[in-house]
Structures are given as structure tokens and as C-alpha cells.
Amino acid sequence: MINLIVVILSLISTSALYVFNVLSFSSFASYFLPIAIFSGFFIGWEIVYIAYLYITSLFINPHKEYKEVSKYHKFTLDSTLKWILSWGRAKVIISSKEKFPKENCLIVSNHRSNFDPICIGANFTSPHICFISKLSNLKIPIAGNYIHRNLYMGIDRENPKNAVKTINKAVSLMLEKGYSIGVYPEGTRNKENKGLLDFKPGCFKIALKSHKPIVVFTCVNALSVHKNAPFRRTIINLDLIKVIEYEEYKDMQASEISNYVRALMEENLAKYDEK
């Protein structure tokens, strides 16, 4: 969406220079000039969009506890996530997307790259997903304010009381606002880029308290975007492995759900890690 708007604005800007006789096709070389001018306008409008994000982020109070997501901030975030993927030349191939529930749910996935939540957030926009993230992500310039305004929640892994508070807030958002919650049971990025780290089963208490489905994903090859962009395309495999309904897990403990989900992920990841 953003890049399409930028392309249109760049075409209009380039055409305007010729319509108002600022430039003309006076020589053979000038036929190549529109390409260079269009490229310049394209980059310029992209910079304008970044400036727009920066300015609007200043009106978001990072210390205020917002109760719900505004349509404006959700649209801006969803559009920007897609914009980031396009700049990273990332193509996300989603398997079993049709299984994704229409009702809100707990979304869990493995975590190998900073692009993992972008891949999910850009492709599943309804219901709105509030990710649980490490606290430092909420302090990133521009992005930190926007994800805070979209009710992403920071969690202090070293503070059990804070973790319980975050879990209870996530349950409240699911039951009262109808939002989905995105979590990474590993708790941090897996820098080995294979297998899975130990799970933190506490996050599955969100499902047990909300009675909502658990949607299990694996995301593979998102880490390659960092080294391939912007000159090479990266194919990212986002597999929806299973939707676990409440009736299936209601009699299980959080640790049992954690082991079950981990086994599902390990089985799916093995198809890629063995290549």
C-alpha cells in the first residue's frame, strides 16, 4: 500500500516537471532523465513517509496505558509492516492460512529473527494482534511508540510479578476487547537458527484463562532478510501447523500444553533444519 502510494506520487511529481516545462525531451540523453528523476522522487517520498512516522510518533505517550487500539494507529502499523517487508524484499509463503480462526486467539511461534512478528503481523490483521515483547523493543525510536500505541506489551523476564501482570493484561485484552495475543514461548531469539530454545510455559496460561484457540506457527528463513536485503529476495516460510481448540487443552497444565506445542513445532522445523 505505502509503496504503491509512493510510486503514484513519484509519477505525478515527475510528470509535473514536464507538464510545466521545467524539463523537456530536448536531447537523446533527456529520454533517460525521467527514470533518474522518478527514482529521486521515489526515495524522497519514502523519506517523507519516515519523517511522517517520526512526527506522528511524538504524539504517542510511551508512559500512558492505552485501553484500546485506534483505527488510525492500527492502519498505520499494518501498512508499515507490509512496507518493511517490501523494502526487505521478503516474500512470505503461508501454508494453511485458511485454517486461521476468525475469532481472536493466542498465536505462538518459534523466534529466530526480528522479522518474525512482522511476518505474522503484516499477514494476519484481523483480529488485531497484540504481541508480547521484551521491554527494550518498546524503547526503539518511532517503532517503540507505535507498537506501544497498538497495545504491544513489554515483559520483564527477570521479574515474576511483572510477568503475571502482563499475562493478566493479555487475558483482559482478549476477553474485553477481542484482540489476539502473539507470544514467543522461547522467550528470546534463537541465535543458533535451528531447533528450539527451552520454552517458558507461563505464556500458555493466557490460553487457559481466556479459553481461546491456540494457533501454532513456525517461521523459517526470516533471518536471511538481514543479509539479503535489498539486493536479493528472501523466501520466508510461515507454516500454520495447528489450531488447538480449548476443548483439546482445557484439562492440561500450562507445562503440558507447552510440551505439546513444542513437539508440533519441532516436527515441522525438522523438515527445514535437515536441508
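Preceding this section is the structure that the text describes.
Since the structure is predicted, the reported quantities are computational estimates derived from the model, not experimental observations. (Residues numbered from 1 in each chain as written. Predicted model: local features only at pLDDT ≥ 70, side-chain atom pairs only at ≥ 80, totals over all residues. Heavy atoms only, no water.)

One key point about sheets: their strands pair by backbone hydrogen bonds, in either a parallel or an antiparallel sense. What the 7 strands build is an open sheet, ordered 1-7-6-2-5-3-4; its pairing is mixed. Looking along the sheet, the strands with just one partner apiece sit at the ends: strand 1 (90-95) and strand 4 (153-155). The mean angle between the axes of side-by-side strands here comes to 25 degrees, regardless of whether they run parallel or antiparallel. Of the strand pairs in this sheet, strand 6 (residues 214-220) and strand 7 (residues 234-244) are connected by 7 bridges, and their pairing is antiparallel. Bridging from a neighbouring strand, T218 pairs with D239 of strand 7. Set on the sheet, helix 10 (residues 254-273) makes contact with strand 2 (106-108), strand 6 and strand 7; between it and strand 7 the angle comes to about 145 degrees. (Pairing = 2+ DSSP bridges. Helix = DSSP H or I, 4+ residues; strand = E, 2+ residues; numbered from the N terminus. Axes fitted to C-alpha atoms, helices over the stretch in contact; angles between N-to-C directions. Contact = heavy atoms within 4.5 Å.)

For the rest of this paragraph, the subject is empty space enclosed by the protein. The tally for this structure, following the rule as stated, stands at 1 cavity of 30 Å³ or more. Taken as a whole, the largest cavity spans an internal volume of roughly 50 Å³. Taken together, K74, L77, D78, L81, G121, F124, T125, H128, I129 and Y152 make up the lining of the largest cavity. Per-element tally for the lining of the largest cavity: the top contributor is helix 3 (residues 71-87), with 4 residues. (1 Å grid on protein atoms, 1.4 Å probe; cavity = no way out; pocket = protein on both sides within 12 Å on 5 of 7 lines; lining within 4 Å. Points joined across faces, edges and corners; volume = space filled by probe spheres on them.)

Another point: the pattern of salt bridges. Proximity of charged atoms lets side chains of opposite charge pair with each other. Scanning the entire structure with this criterion turns up 6 salt bridges. Put simply, K242 and E248 hold a salt bridge, and the shortest N to O gap is 3.9 Å. On the basis of relative accessible area, K242 is assigned to the partly exposed category, the value being 25%. Residue classification places E248 among the partly exposed positions, given a relative accessible area of 36%. The salt bridge partner of E266 is R262, with a shortest N-O separation of 3.2 Å. On the criterion of helical spacing, the pair formed by E266 and R262 is a turn pair, its members being 4 residues apart in helix 10. Take R262: its relative accessible area is 18%, and that puts it in the buried class. (Salt bridge = Lys/Arg side-chain N within 4 Å of Asp/Glu carboxyl O. Buried < 20%, exposed > 50% of the residue type's maximum accessible area, 1.4 Å probe, protein only.)

Take the packing of aromatic side chains next. Tallied over the full model, the rule gives 10 aromatic pairs. The ring of Y66 has R149 sitting right over it, with the charged end atom 4.2 Å from the ring centre. Above the plane of the ring of F199 lies R262, whose end atom (NZ or CZ) is 5.4 Å from the centre. (Phe/Tyr/Trp six-rings, centres within 6.5 Å; stacked < 30°, edge-to-face > 60°. Lys NZ or Arg CZ within 6 Å of the ring centre and 35° of its normal.)

So, on to helix 2 (residues 33-57). Across its 25 residues, helix 2 extends 36 Å between first and last C-alpha, which sits within 8% of the 36 Å expected from 1.5 Å per residue. Turning to helix 2, its buried residues number three or more, namely P34, I37, F42, E46, Y49, L53, T56 and S57. (Expected span 1.5 Å × (residues − 1).)

Grouped together as the largest cluster of nonpolar side chains are 42 residues, with contacts concentrated most on L106, V108, I181, F204, I206, I214 and V261. With 7 residues, the single largest contributor to this core is helix 10. Aside from chain neighbours lying at most four places away, what touches V108 is V183, P185, F204, I214, V215, V216, F217, V261 and M265. In terms of nonpolar packing, the next biggest core, distinct from the first, is built from 29 residues, A90, F115, F217 and V225 among them. (Core = buried A, V, L, I, M, F, W, Y, C linked by side-chain atoms within 4.5 Å.)

Our next topic: helix 6 (residues 160-177). Here helix 6 is 18 residues long and its end C-alpha atoms lie 25 Å apart, about the 26 Å a rise of 1.5 Å per residue gives. Looking only at helix 6, the buried set comprises A163, T166, I167, A170, V171, L173 and M174. Buried residues of helix 6, seen end-on, are gathered within an arc of 155 degrees and therefore sit on one face of the element. In helix 6, the exposed positions that point more than 90 degrees away from the buried face belong to K161, K165, L175 and E176. Elements in contact with the buried residues of helix 6: strand 2, strand 3 (129-134), strand 4, strand 5 (180-183) and helix 7 (205-210). (Arc of directions from axis to C-beta.)

To continue, consider the environment of V164. Turning to its location among the elements, V164 is positioned in helix 6. Since its relative accessible area comes to 45%, V164 is described here as partly exposed. Taking the C-alpha atoms as reference points, V164 and C203, separated by 39 residues in sequence, lie 9.4 Å from one another.

Moving on, we get to the pairing of strand 5. The side-chain alternation of strand 5 yields two buried faces, one formed by S180 and G182 and the other by I181 and V183. As defined by bridge partners, strand 3 adjoins strand 5 across 3 bridges and the pair is classed as parallel. Its bridge partner lying in strand 5, F131 is registered against G182.

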